[in-house]
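What the coordinates show
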Amino acid sequence: MSRNAAVTRAGSEQALAVYQELRARPEAGFDEVADGFDLSADERDRCRRELASLGLTATREASDPGPRPLVVDPDVALLRLLRRERDRLQDRLAATSRAHTALEALAGPFLRAGAAPRSEVEVEIVTDPQRVLRELTDLTASVRTAVHVMHTGSVRREDMAAELERDRSRAARGVRVRAMYSRRVGTVPEMTQHLEDRAALGVELRLSPVVPMNMVLADENFALLPTDPHDPDSPTILARGPGLVRSYLALYEYCWQAAARYGEEPGEPGGDGLSDQQRAALHMLASGIKDEQIARSLGVSLRTVSRLLSEVMQELGAASRFEAGVKAARLGLLDGEGPEPVA
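As the structure is a prediction and not an experimental result, all values here were calculated from the model.

1. Let's talk about the side chain of Arg-170
Relative to the assigned elements, Arg-170 resides in helix α6 (residues 157–172). Using a relative accessible area of 5% as the deciding quantity, one classes Arg-170 as buried. Here Arg-170 is in contact with Thr-140, Val-143, Val-147, Val-175 and Val-177, once residues within four sequence places are set aside.

And the structure:
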C-alpha cells in the first residue's frame, strides 16, 4: 500500500470514529470529541472536511447557534448526495441540449451560407463512341439552363432526327440552345432543311467561316470536345466542373461573336467595311488578347492573324494597333453585339 493510500485510509478511519462519537454524544462539540482522540490540528481539519463533504455534518442555521455541529443520519446524507448528483446531471444534460441545438443551427443554413462553392474538375478521355452518345442522351435529360454546340461540318442524315428530338425536349423545359455551324453547310440541301427545322424549334443558329472544333457545353459544368480538333475520330474529352468548362465557354463566346446569324447574307459588311472575321479579330485585339490566342480562337495561323489586323488598320486608317482600337471605340465598332449572357 502506498503512503498516500495509507494516509487516506487512516484519515477515513479517524473521521468515522469522530462521527460515531458525535452521534453518541449529540451535546458535545466537534473540538471536544476530537480532543478525546488526541488529533493534531491537520487531522482535525481533514476529519471536519471529510464529514462535511459526505454530508454527515452540517452547519447549524443562524437561528440555532452553538458550537455543536449538526449530525446527519447516513441514510439522509446518502439521499442528499444522490439528489445533488441528480441535479448536477440534469444541469449537464440541459447544457448539452443547448450545445446540440447550437450545433444544429451551425450545421444548417449558417454552415451552408459560409461554405465555398465547389470547384472540383473532372476530366476523362472517352474512346467508345457509344459512351459519347449515352453522355449526350443523359445531358439532354439533365441540363437545366443552356446548351452551346459547335459543328465543324454537316450532321449525318441518321443523326438529324435524334438531334431534333433533343431540341424538342429542351425547348419543352425552357432550356436555351445555341448551335454554330461552318458556313459551308449552308450549301448542303439536307442541312439547309435541318437548320430550318432547328430554328423553328427555337434553336439560336449562327454560321461562321471558321469553326475550330466540335464542342458541346452545358450549364457551365459540362464539356464534350475532341482531343484533336483536326481529327473528328480522335478520342473525346469529357470534362465536368465550372473551373474548366468556363474556359471553353469563353472560347465559344468569341467564335459566336464572329459568326453571322442564320439567314443573314454571309460576309456582308456591317457598314464599316469589315468582314465577320476581321471584326472578331478587332474585338479580341481590343480586349487585350494576344495574337496566339486570337489564332487559336479563329482556327487560323499567326500569319493570317497578322494579315487580318493589318487589313483592319488599313480599313480604319490607323498607323498602329493601338490607334486602330481607339478609332474602333470612337466609331462605336466595339459597342455592337458582344458575347451573349449565358442563361
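2. Describing empty space enclosed by the protein
For the coordinates displayed, the defined rule picks out 1 cavity of 30 Å³ or more. There is about 50 Å³ of room inside the largest cavity. As for the largest cavity, its lining consists of Ser-208, Pro-209, Val-210, Pro-212, Cys-255, Ala-258, Gln-277, Ser-297 and Leu-298. Contributing elements (two or more residues each) for the lining of the largest cavity: α8 (242–258) and α10 (291–298). Counted by class, the lining of the largest cavity contains 6 nonpolar, 3 polar and no charged residues.

3. Some points on the confidence of the model for the protein chain
With 83% of its residues at a pLDDT of at least 70, the protein chain reaches an overall mean of 78. pLDDT under 50 marks residues 1–9. Its contacts with residues more than four places away, or in other chains, come to 2 contacts.

4. Some remarks on the side chain of Gln-278
With respect to the helices and strands, Gln-278 occurs in helix α9 (residues 276–286). On the accessibility criterion, Gln-278 (11% relative accessible area) is buried. Side-chain polar atoms of Gln-278 contact the side chain of Glu-311, separated by 2.6 Å.

5. Quick look at the packing of aromatic side chains
Following the criterion strictly, the structure yields 1 aromatic pair and no others. Between Tyr-252 and Trp-256, the ring centres sit 6.0 Å apart and the planes meet at 20°, which makes this aromatic pair stacked. Taken together, the residues Tyr-252 and Trp-256, both in helix α8 and 4 residues apart, mark about one turn of the helix. Accessibility assignment for this pair places Tyr-252 and Trp-256 in one class, buried. It is Arg-178 that lies over the ring of Trp-256; its NZ or CZ is 4.8 Å from the centre.

Calculation notes
Residues numbered from 1 in each chain as written. Predicted model: local features only at pLDDT ≥ 70, side-chain atom pairs only at ≥ 80, totals over all residues. Heavy atoms only, no water. Helix = DSSP H or I, 4+ residues; strand = E, 2+ residues; numbered from the N terminus. Buried < 20%, exposed > 50% of the residue type's maximum accessible area, 1.4 Å probe, protein only. Contact = heavy atoms within 4.5 Å. 1 Å grid on protein atoms, 1.4 Å probe; cavity = no way out; pocket = protein on both sides within 12 Å on 5 of 7 lines; lining within 4 Å. Points joined across faces, edges and corners; volume = space filled by probe spheres on them. Nonpolar A, V, L, I, M, F, W, Y, C, P; charged D, E, K, R; others polar. pLDDT = per-residue confidence, 0-100. Polar contact = N/O pair within 3.5 Å; in protein donor to acceptor, adjacent residues only side chain to side chain. Phe/Tyr/Trp six-rings, centres within 6.5 Å; stacked < 30°, edge-to-face > 60°. Lys NZ or Arg CZ within 6 Å of the ring centre and 35° of its normal.

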